[in-house]
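Coordinate inspection notes
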Amino acid sequence: MELLLFGGTGEGRALAEWLRDEGIPVTVCVATAYGSTLLPPGVVAHTGRLDRAGMEALMVRRPYTCVIDATHPYAVEVTRQLQEAAQARGVPYVRLLRTSDGEDACHKAGSMAEAAEMLQRLPGNILLTTGSKELHHFAVPGLVERCFPRVLPMMDSLERCLRLGFPPAHILCMQGPFSQALNEALIGQYSIRTLVTKDTGSYGGFREKAQAAQGTGCTLLVVERPVQETGQTLEEIQRHIKEGRL
């Protein structure tokens, strides 16, 4: 058995570590060099963004038993290309599901653009914990000045924030996981009135953000997942590997 794991999430790193400890060969694909530094020691990594052709080329290099997709639940295009590449090469594909942890007592938006529109009607400072890729939706007059984007400590993330016009003093370059206490401290430090998050589940720190918002009286705005997926949880994948069903 030899597995090809497309990572980028906490669940993916947990699975990679478990496979290493079980002595099961695995290659973990991550998009950036920074992502590779987060992998457990001793895990074989392939670093660099791949399109469908690159994914197919990687799949034919070794006789992989299975491709496991542990990419972010909001990375819809990457998942689509990975599914198509695996099908084209005849390699079994399994989606690692991140359990949804969405709150009922919160504002919900169907997209980043919709979230930005909602924020125009909500008062006060805003903590954006949705990453750096779609910050352009919030970089509009009357909104950008109120936003505090929390992004990964990488030069491209910082540069994107600066290009979009977010005030330098508002840019929070930090690597999680973030505890409820730290979230509450940031909310207090920057007088945050609304916290914006994706439905990132437990591995993405959603619960700590939701509890921090509740504990400080801060409004919680959740950008819902783009699609409803089918697949297997981390525990199910581990069990099926042990049972020889993957």
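Refer to the structure above for everything that follows.
Presented here is an overview of the structure given in this document. It should be emphasised that the depicted structure is a prediction, and the values quoted were computed from it without experimental measurement.

Reading the values: the criteria
- Residues numbered from 1 in each chain as written.
- Predicted model: local features only at pLDDT ≥ 70, side-chain atom pairs only at ≥ 80, totals over all residues.
- Heavy atoms only, no water.
- Pairing = 2+ DSSP bridges.
- Helix = DSSP H or I, 4+ residues; strand = E, 2+ residues; numbered from the N terminus.
- Salt bridge = Lys/Arg side-chain N within 4 Å of Asp/Glu carboxyl O.
- Buried < 20%, exposed > 50% of the residue type's maximum accessible area, 1.4 Å probe, protein only.

Before going further, it helps to examine the pairing of strand β7 (residues 125-128). Sheet topology places β7 next to strand β10 (residues 192-198); 4 bridges connect them, and they run parallel. Bridging from a neighbouring strand, I126 pairs with T194 of β10. As paired elements, β7 and strand β8 (residues 147-151) share 3 bridges and run parallel to each other. Paired with I126 across the strands is C147, a residue of β8.

So, about the pattern of salt bridges. Using the criterion set out here, one finds 11 salt bridges in the structure. Between R95 and D69 there is a salt bridge, with the nearest N and O atoms lying 3.0 Å from each other. One end of the pair, R95, is in strand β5 (residues 93-95); the other, D69, is in strand β4 (residues 66-69), with 26 residues separating them in the sequence. R95 gets classed as buried once you look at its relative accessible area, which sits at 3%. A relative accessible area of 0% places D69 in the buried class. Among the salt bridges present, the one from R80 reaches E77, with a minimum N-O distance of 2.2 Å. Within this pair, R80 and its partner E77 are both found in helix α4 (residues 76-89), separated by 3 residues, close to a single helical turn. You can call R80 partly exposed: its relative accessible area is 34%. A single network of salt bridges, built from pairs that share partners, joins R52, E56, E77, R80, E84 and R89.

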